[in-house]
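A closer look at the structure
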Amino acid sequence: MEHVDNVLSVSGRTAQPRWSPSSQDVQDIWEHFCRKYGTEIVDKHDSDLMSFISRILAISPGMTRESFIENYVTVIGKKIYAPFAPGDQGDGVWSLWSQLIVCAHEHQHVIQYGAHDVQGAVGFSVQYLTQKPRRTRFEIEAYTTALELHFWRSGQVLDPAPIIRSLASYRVKELDLKVAKAGFNANNRMIARGAVITEAGAEAIQWLRDRGIDPL
């Protein structure tokens, strides 16, 4: 199980965009990724499993049932439990840009299932839940999709500080946060030189370019 909170929405608002996605863009990119990677998006509000997990997590400091449901996207196997329907801004908590980034982020986790040292969704879940350094590694890679898409959109590197602060809610150690900071800074240096590091980031950017969208 992995969850990502709406720090991505905050990151999106700090950009200086030359392009913003439409509702149709967001719907279409989610449909593309779901077809390519065999995933399914599920309404988190209607999931008995998510309701059960929310009751367990509510005993954690700083977490409530409502915040888990409304502010986090969760992936288990190839089901992505989201508090929004792609392309629908609802109450505005999840912007269209953040929904697009979440699509890449969650699918990077699905891609991680195939890594030789992960060995499937079960192996990923066990490592994610029980090994904090591995959890950090998975999140550095998945959040790097936000760095890549931000640079593609604005021509500027994304300050990773909000993401690093958010990682504290993942119950990682202080050392892990330092590793994350170093990892994001290193990735930003490569991205600024034109690199696209993650498979999901590359897929999203290529899909957007094929649609005739290239802000820079």
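Description of the structure in this document.

This brings us to the pattern of salt bridges. Tallying each qualifying case throughout the model produces six salt bridges. The shortest N-O distance in the salt bridge between Arg134 and Asp117 comes to 3.1 Å. Remark: Asp117 occurs in the loop between α5 (96-112) and α6 (120-130) and Arg134 occurs in helix α7 (residues 132-154); sequence separation between them is 17 residues. Residue classification places Asp117 among the partly exposed residues on the basis of a relative accessible area of 31%. Overlapping salt bridges, with partners in common, bring together Asp25, Asp28 and Arg211 in one network.

Within strand β3 (residues 72-76), four of the five residues are buried, leaving the element largely enclosed by the surrounding structure. Both β3 and strand β4 (residues 79-82) contribute to a ladder of three bridges, which runs antiparallel. Across the sheet, Val75 pairs through a bridge with Ile80, a residue of β4. A loop of two residues connects β3 with β4, the two strands running antiparallel in sequence, and Gly77 in this loop sits at a positive phi of about 65°.

Parameters at a glance
Residues numbered from 1 in each chain as written. Predicted model: local features only at pLDDT ≥ 70, side-chain atom pairs only at ≥ 80, totals over all residues. Heavy atoms only, no water. Salt bridge = Lys/Arg side-chain N within 4 Å of Asp/Glu carboxyl O. Helix = DSSP H or I, 4+ residues; strand = E, 2+ residues; numbered from the N terminus. Buried < 20%, exposed > 50% of the residue type's maximum accessible area, 1.4 Å probe, protein only. Pairing = 2+ DSSP bridges.

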